[in-house]
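A closer look at the structure
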Amino acid sequence: MKEPKITLVGAGPGDPELLSLAGVEALGNADVVLYDALVDPAILVYAKKGSEKIFVGKRAGCHAYGQESINKMLVHFAHSYGHVVRLKGGDPYIFGRGSEELQYAKSKNIETVVVPGVSSSMAVAELAGISLIDKNLSADFWVITGSTKEGDMSRDLYLAAKLDQTVVILMGTQHIEKIVDLYKKESKGKMPIAIVQNGSLRTQRTLFATIDTIQHEIAEKGLLTPAIIVVGKTLNT
């Protein structure tokens, strides 16, 4: 029997070429791979021949498995097969609940390793030509989840709308009307906003607008997920 081990791997924002070398090595040594909905299937070619590959993805309103079930699956497969790779989109600790999964594994005395991933919160904006920081416009930036685990809009957005920093919103497109209303209430109708869909993939597309016009752009051109939202003055640079 192999010693149980769980490696948490960040797959990056989508493009398989943005997977790290350490991630490739972990997949090549894995006996089982549990992967998410945001992982490009092309990445699975790096997995060891004969390894088990199990989809455990979650999208808004549709969960293949609940979080508790995933935690238990990781431990079960580690004890049964040996090395399990948990493959998650972006960086596994940035709104990915990766820390919860490893804490559960550690509570069962299983060896754990983390391989960071390129976070979509920065990479997707950059690939769309958006600078998140400008010394004259925004010296820092915020990354906020648009939705809580209950599906509600994050309360942090109420504060973010009052400030001048660039704001990157993940998992927030379902709340776009509420987000627009928050910024309008702060008299920021002219504030630039962008929505980047399928970031880093060949199908990537970006809607550039202002808070006042973004809903018209969405209605005219359509919007699909996954997508990130970027709000801030740096979009004009």
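Scroll up to find the structure this text is about.
Residues numbered from 1 in each chain as written. Predicted model: local features only at pLDDT ≥ 70, side-chain atom pairs only at ≥ 80, totals over all residues. Heavy atoms only, no water.

A short note on the overall build of the protein
Note the following rule: Helix numbers and strand numbers start at the N terminus; a helix is a DSSP run of H or I with at least 4 residues, a strand a run of E with at least 2. Our radius of gyration is a C-alpha quantity, and the globule rule it is checked against amounts to 2.2 Å times the number of residues to the power 0.38. Between buried and exposed lies partly exposed: a residue is buried under 20% and exposed over 50% of the maximum accessible area for its type, with that area taken using a 1.4 Å probe on protein chains only. Residue contacts are counted whenever heavy atoms from the two residues lie within 4.5 Å of one another. Only the protein chains shown count as cover for residues, and all accessible areas are computed by the Shrake-Rupley method using a 1.4 Å probe. Charge counting follows a simple rule: Lys and Arg are positive, Asp and Glu are negative, and His as well as the terminal groups are ignored. Charge positions are represented by NZ for Lys, CZ for Arg, CG for Asp and CD for Glu.
Scanning the protein from terminus to terminus reveals seven helices and twelve strands. Over its C-alpha atoms the protein spans a radius of gyration of 19 Å, differing by no more than 12% from the 18 Å that the globule rule assigns to 237 residues. Reported as C-alpha extents along the three principal axes, the dimensions of the protein are approximately 65 × 35 × 30 Å. Expressed as a percentage of the 237 residues in the protein, the buried residues total 49%. For the protein, the proportion of contacts with a sequence separation of at least 24, taken over those separated by at least 6, is 64%. Summed over all atoms, the accessible surface of the protein reaches about 12000 Å², with 52% contributed by carbon and sulfur. On the protein, the mean spot of the 26 positive side-chain charges and the mean spot of the 26 negative ones are 2 Å from each other.

A short note on the pattern of salt bridges
For clarity, the threshold we go by: The working definition used for a salt bridge is a side-chain nitrogen of Lys or Arg within 4 Å of a carboxyl oxygen of Asp or Glu.
Inspection of the entire model under this criterion finds twelve salt bridges. Here Lys 48 and Asp 31 are joined by a salt bridge, their closest N and O atoms 2.7 Å apart. Residue Lys 48 is found in the loop between β2 (32–35) and β3 (52–55), and its partner Asp 31 is found in the loop between α1 (21–28) and β2; the two are separated by 17 residues along the sequence. On the accessibility criterion, Lys 48 (28% relative accessible area) is partly exposed. Relative accessible area serves as the criterion here: at 11%, Asp 31 is assigned to the buried category.

Re the packing of helix α2 (residues 67–81) against helix α3 (residues 98–107)
Operational definition: All axes are obtained by fitting lines to C-alpha atoms, using only the stretch in contact for helices, and the reported angles, taken between N-to-C directions, cover 0 to 180 degrees. Each angle gets one of four labels, with under 35 degrees taken as roughly parallel, over 145 as roughly antiparallel, 65 to 115 as roughly perpendicular, and the rest as oblique. Left-handed is the label given to a crossing in which the near helix is rotated counterclockwise from the far helix by less than a right angle, and right-handed is the label when the rotation is clockwise.
As a packed pair, α2 and α3 sit with axes 9 Å apart at the nearest point and diverge in direction by 45 degrees. With respect to each other, α2 and α3 are oriented oblique. Helix-helix and strand crossings are classified by hand; for α2 and α3 the assignment is right-handed. Judged by residue contacts, Gln 67, Ile 70, Asn 71, Lys 72, Leu 74 and Val 75 of α2 engage Glu 100, Glu 101, Tyr 104 and Ala 105 from α3.

Details of the sheet that holds β2
Applicable threshold: Two strands are counted as paired when DSSP detects at least two bridges linking them.
Overall, parallel pairing links the five strands, which are arranged β3-β2-β6-β1-β7 in an open sheet. The open sheet has two free edges, formed respectively by β3 and β7 (111–115), since each of these has just one partner strand. Taken pair by pair, the neighbouring strands of this sheet meet at an average axis angle of 20 degrees, ignoring direction. Looking at chain direction, β2 and strand β6 (residues 83–88) are connected through four bridges and run parallel. Across the sheet, Val 33 pairs through a bridge with Val 85, a residue of β6. Packed onto the sheet, α1 meets β1 (5–10), β2, β6 and β7 and runs at close to 140 degrees relative to β6.

Details of the nonpolar core
Worth spelling out the cut-off: Residues grouped as a nonpolar core are buried Ala, Val, Leu, Ile, Met, Phe, Trp, Tyr and Cys residues, joined through side-chain atoms within 4.5 Å.
Ile 193, Ile 214 and Ile 229 are the most contacted members of the largest nonpolar core, which has 23 residues in total. Mapped onto this core, the elements with two or more residues apiece are α5 (156–160), β9 (166–170), α6 (176–185), β10 (192–197), β11 (205–210), α7 (214–221) and β12 (227–231). For Ile 229, the residues in contact, after removing those within four places along its chain, are Val 167, Val 168, Ile 169, Gly 172, Thr 173, Ile 176, Ile 179, Ile 193, Ala 194 and Ile 195. Of all hydrophobic cores here, the second largest spans 16 residues; its members include Leu 34, Ile 54, Val 56 and Val 75.

Some details on the environment of Ala 22
Assignment of secondary structure puts Ala 22 in helix α1. Note on Ala 22: relative accessible area 39%, which makes it partly exposed. For the pair formed by Ala 22 and Val 115, sequence separation is 93 residues and the distance between their alpha carbons is 6.6 Å.

Considerations on the packing of aromatic side chains
Where we set the bar: The rule is short: rings of Phe, Tyr and Trp, with Trp giving its six-membered ring, pair when the centres are within 6.5 Å, and they are stacked under 30 degrees, edge-to-face over 60, tilted in between. Working rule: Lys NZ or Arg CZ, within 6 Å of ring centre, within 35 degrees of ring normal, means a charge sits over the ring.
Inspection of every chain in the model, using the stated rule, returns two aromatic pairs. Relative to Tyr 81, the ring of Phe 77 has its centre 5.8 Å away and its plane inclined at 45 degrees; by these criteria the two rings are tilted. Of the two residues, Phe 77 and Tyr 81 are both situated in helix α2; the distance of four residues between them amounts to about one turn of the helix. Residue placement shows Arg 155 over the ring face of Tyr 158; its charged tip is 4.3 Å from the ring centre.

Observations regarding the sheet that holds strand β8 (residues 141–145)
Strand pairing in a sheet is mediated by backbone hydrogen bonds. Such pairs are either parallel or antiparallel. Across the sheet, five strands lie side by side as β8-β9-β12-β10-β11; this open sheet has mixed pairing. At either end of the open sheet lies a strand with only one pairing partner, and these are β8 and β11. Geometrically, the sheet is characterised by an average inter-axis angle of 20 degrees between neighbouring strands, direction not taken into account. Relative to β9, β8 runs parallel, the two being bridged by five bridges. Pairing of Thr 145 across the sheet is with Leu 170, part of β9. Docked against the sheet, helix α4 (residues 120–127) engages β8, β9, β10 and β12, running at close to 80 degrees with respect to β12. Strand contacts of α6: β9, β10 and β12, with the helix running at about 5 degrees to β12, the strand carrying the most contacts.

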